[in-house]
Amino acid sequence: MAKTAISPTRSENYPEWYQQVIKGADLAENSDVRGCMVIKPWGYAIWENIQRRLDAMFKATGHENAYFPLFIPMSFLEKEAQHVEGFAKECAVVTHHRLEPDGQGGLRPAPDSKLEEPLIVRPTSETIIGATFARWVQSYRDLPILINQWANVVRWELRTRMFLRTTEFLWQEGHTVHASAEEAQAETRQMLDVYAAFAEGAMAMPVIKGEKTAGERFPGAVATYSIEAMMQDRKALQAGTSHFLGQNFAKAQEIKFQNVAGELQHAWTTSWGVSTRLIGGLIMSHSDDDGLVLPPKLAPAQVVILPIYRNNEEKSAVLPYCQSLKSELESQRYDDEPVRVRIDDRDLRGGDKKWQWVKRGVPVLVEVGPRDVQSGGVFRARRAIDAKGVGVPRSEFVATIANTLAEMQQGLFDRAAAARDAATVEIADLAKFEKFFADDAPGGLAYCHFTDGPAMEAKLKELKVTPRCVPLVGGESSGKCIFSGEATSRRAVFARSY
RNA sequence: CGGGCUGUAGCUCAGUUUGGCUAGAGCGCUGCGUUCGGGACGCAGAGGUCGAAGGUUCAAAUCCUUUCAGCCCGACCA
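Residues numbered from 1 in each chain as written. Chains lettered and ligands numbered in written order. Predicted model: local features only at pLDDT ≥ 70, side-chain atom pairs only at ≥ 80, totals over all residues. Heavy atoms only, no water.

Q: Explain the overall build of chain A to me, please; I cannot follow it from the model alone.
A: What chain A contains, in helices and strands, is 14 helices and 28 strands. By the compact-globule yardstick of 23 Å for 498 residues, chain A fits well, its C-alpha radius of gyration being 26 Å. The 498 residues of chain A split such that 52% are buried. Long-range pairs, those at least 24 residues apart, make up 69% of the contacts in chain A with a sequence separation of at least 6. Element-wise, carbon and sulfur atoms account for 51% of the exposed surface of chain A, whose accessible area totals about 22900 Å². Here chain A carries 60 positive and 64 negative side-chain charges, and the mean point of each set is 3 Å from the other. (Helix = DSSP H or I, 4+ residues; strand = E, 2+ residues; numbered from the N terminus. Rg over C-alpha atoms; globule rule 2.2 N^0.38 Å. Buried < 20%, exposed > 50% of the residue type's maximum accessible area, 1.4 Å probe, protein only. Contact = heavy atoms within 4.5 Å. Areas by Shrake-Rupley, 256 points an atom, 1.4 Å probe, with all protein chains shown as cover. Lys, Arg positive; Asp, Glu negative; His and termini not counted. Charge placed at Lys NZ, Arg CZ, Asp CG, Glu CD.)

See the structure below:
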């Protein structure tokens, strides 16, 4: 059996494999603070690429960036009843503003520095941004307001997993205000489309766009939409959400404007977000038993060149060859940008170095030794395609690099889509549903007719399955609820999920 | 918040039951050397108030008490 770079393998122990991929790729590590991680340079570079592309998409759809406070007065959260219920249980609370010696060599919050009103660390910013918007909006001429913020948020989760659910995480949250329900709904759907386009185009991660059922809705929202992806263990991952908030928050926070007729009315708001969880999705969509596999569009380095030499004489021949190769590659463009190239000239053993880059998921690895310099070639390996590599003429390699990256990007998407389709079924009766989600079954995505209700909830809880969404395409169709037998016109995707 | 478990080198852990030499191993790290289109090897070396406090004892990583921290299962989870 071939040696794998990651142990255990996916089939041996999937959750542990996931942890080891992160470790092997040097993406992140656990910190001294429970539930919070340190995102290391390679992991953060991926996040920066995600940010850069999404930010451009937000700007292209008319949004502007702004920044709101980390702290939110506790009373703000109380204003929207469902919102309170959804978030109160996982909030970090700031109660003091000064420390003093505790008399035993340590520190304690100074009793006389207690805050009049506690501040919570934002779990999401609807309330404080809404309060701000209330001051910004007076007339229909002030609308729409289209704002995004890149920020960190804190949700005091009991159970955390790197990137997928951490106590503190990085995200963007868009918040918009509109003069009509139709416009706000259109905004909600537009941003869902942006997320789907990003997930499929940049991450090579196929997603299903759909609406959340009542039980899965964002607290305080009228409608929540999400993109749902399927991971290699056949569990679903909610990768992004977009909420139509109706007038719920506008009423709670007095966001009012005068319309054309001169009447005072409440505005319509939306919010939408994606987080560092996307990186978890990226890992579990493409990576293999040799570690991370990155789609070229998000890879911090698309090509890594490994010079091979044994002495100064060889070094003086090989290094300039590598440097000029790097320049030539950088003059090539892929995805509207120069190809991203690194030379790894660290003083490490060659094999060790190569495997580090394999585990980090770099799409194309190039080894250049004296023989290549002599022959005018390079030795090229493509991640997850031909790991061992093959010798190719340098000029051909350079001329085709953009095409190679494009093919790899598409190949990852196709592979993930095929895996998802192979794990997707249509189920019309409960017995088959139970069998599909039995503990010893592989599981997957099941499309079923349903009606929201106690019959469904009880069965789903027992099977640890949730309705992921009612797909925008194929969600409307008449049939019988597999849980209650009632006639229904709605169909959802069911799965176990992260 | 219930049930179980663990704290010993940077990391993973052995040693604790039955107290007793200078507290160990593997990996990693540093140096030298051999290898090398490759995840290799040899030699030498650095690195520990054994989670913390108190107690029992001639003697404590080991026994007792207290305490702190973390992990797993459950509950919970926009």
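Still to come is the rest of the account.
Q: Looking at this model, I keep getting lost on the packing of aromatic side chains. Mind explaining?
A: In this description, a pair of aromatic rings is defined by centroid distance and the angle of the planes. For the structure on display, the rule yields 19 aromatic pairs. Plain terms: the ring middles of phenylalanine 169 and tryptophan 171 are 5.9 Å apart, the flat faces sit at 90° to each other, and that makes the pair edge-to-face. Grouping residues by exposure puts phenylalanine 169 and tryptophan 171 together as buried. For the pair phenylalanine 433 and phenylalanine 437, a centre-to-centre distance of 5.0 Å together with 65° between the ring planes defines the contact as edge-to-face. (Phe/Tyr/Trp six-rings, centres within 6.5 Å; stacked < 30°, edge-to-face > 60°.)

Q: I tried to follow the protein's contact with RNA strand B on my own but got confused; where do I start?
A: As a matter of local geometry, RNA strand B sits amid 25 residues, with Arg155, Ile308, Trp355, Glu367 and Arg371 nearest to it. Take arginine 159: an N or O atom from its side chain is 2.8 Å from a phosphate oxygen of RNA strand B. At 3.4 Å, a side-chain N or O of lysine 461 approaches a phosphate oxygen of RNA strand B. Listing elements by their share of the surface near RNA strand B, those giving two or more residues are α10 (350-360) and α11 (370-375). (Near = heavy atom within 4 Å. Polar contact = N/O pair within 3.5 Å; in protein donor to acceptor, adjacent residues only side chain to side chain.)

Q: What am I meant to see in the pattern of salt bridges here?
A: Side chains that differ in charge, positive against negative, can pair when their charged atoms come close. One pass over the structure, following the stated rule, counts 29 salt bridges. Glutamate 228 is the salt-bridge partner of lysine 212, the closest N and O atoms lying 2.7 Å from each other. With lysine 212 in the loop between β11 (208-211) and β12 (223-230) and glutamate 228 in strand β12, this residue pair connects regions lying 16 residues apart in the sequence. According to the relative accessible area criterion, lysine 212 is buried, its value standing at 1%. Taking relative accessible area as the criterion, glutamate 228 reaches 4% and is therefore assigned buried. Glutamate 228 is paired through a salt bridge with arginine 468; the nearest N and O atoms lie 3.0 Å apart. With a gap of 240 residues between them, glutamate 228 in strand β12 and arginine 468 in strand β26 (residues 466-471) connect regions that are remote in the sequence. Residue classification places arginine 468 among the buried positions, given a relative accessible area of 4%. (Salt bridge = Lys/Arg side-chain N within 4 Å of Asp/Glu carboxyl O.)

Q: Please explain the side chain of arginine 155 as it appears in this structure.
A: Here arginine 155 shows up in the loop between β9 (145-154) and β10 (168-178). One buried charged residue, arginine 155, forms no salt bridge at all, with the nearest opposite charge on glutamate 90 at 4.7 Å. At 2.7 Å, the side chain of arginine 155 and the backbone oxygen of proline 123 are in polar contact.

Q: Could you clarify how one ought to interpret the sheet that holds strand β23 (residues 386-393) in this entry?
A: Strand pairing in a sheet relies on backbone hydrogen bonds. The paired strands run either parallel or antiparallel. The mixed open sheet is built from five strands, whose spatial order is β20-β17-β21-β22-β23. Edge strands, defined here as strands with exactly one partner in the open sheet, are β20 (341-343) and β23. The mean angle between the axes of side-by-side strands here comes to 25°, regardless of whether they run parallel or antiparallel. Pairing of strand β17 (residues 303-307) with strand β21 (residues 364-368), which is carried by five bridges, proceeds in the parallel orientation. Bridge pairing in β21 places valine 304 opposite leucine 365. (Pairing = 2+ DSSP bridges. Axes fitted to C-alpha atoms, helices over the stretch in contact; angles between N-to-C directions.)

Q: Just to check I follow, could you spell out the packing of helix α1 (residues 14-24) against helix α8 (residues 277-286) for this structure?
A: Any two packed helices are characterised by the angle at which their axes cross and by the distance between the axes. Two numbers describe how α1 lies on α8: the axes approach to 11 Å, and their chain directions differ by 110°. Taken together, the axis directions place α1 and α8 in an arrangement best described as roughly perpendicular. As α1 packs across α8, the resulting crossing turns out to be right-handed. Judged by residue contacts, Tyr14, Trp17, Tyr18, Val21 and Ile22 of α1 engage Gly280, Ile283 and Met284 from α8. Classifying every residue of the contact of α1 with α8 by side-chain character gives seven nonpolar, one polar and no charged. (Parallel < 35°, antiparallel > 145°, perpendicular 65-115°, else oblique. Left-handed = near helix turned anticlockwise from the far one by under 90°. Nonpolar A, V, L, I, M, F, W, Y, C, P; charged D, E, K, R; others polar.)

Q: Would you mind showing me how to read helix α6 (residues 181-201) here?
A: Quick reminder: α-helices carry 3.6 residues per turn. Residues three or four places apart thus point the same way. In this model, α6 (21 residues) spans 30 Å end to end at C-alpha, consistent with the 30 Å of a helix rising 1.5 Å per residue. Within α6, burial applies to Ala181, Ala184, Glu187, Thr188, Met191, Leu192, Val194, Tyr195, Ala196, Phe198 and Ala199. (Expected span 1.5 Å × (residues − 1).)

Q: Honestly, the sheet that holds strand β8 (residues 114-121) in this entry has me stumped. Any pointers?
A: Strand order across the open sheet formed by three strands is β4-β8-β5, with antiparallel pairing between neighbours. This sheet does not close on itself; its edge strands, each paired only once, are β4 (71-73) and β5 (93-96). Here the average twist between neighbouring strands, direction ignored, is 40°. Across three bridges, the pairing between β4 and β8 is antiparallel.

Honestly, that's just the spatial picture; any functional story needs more than this.
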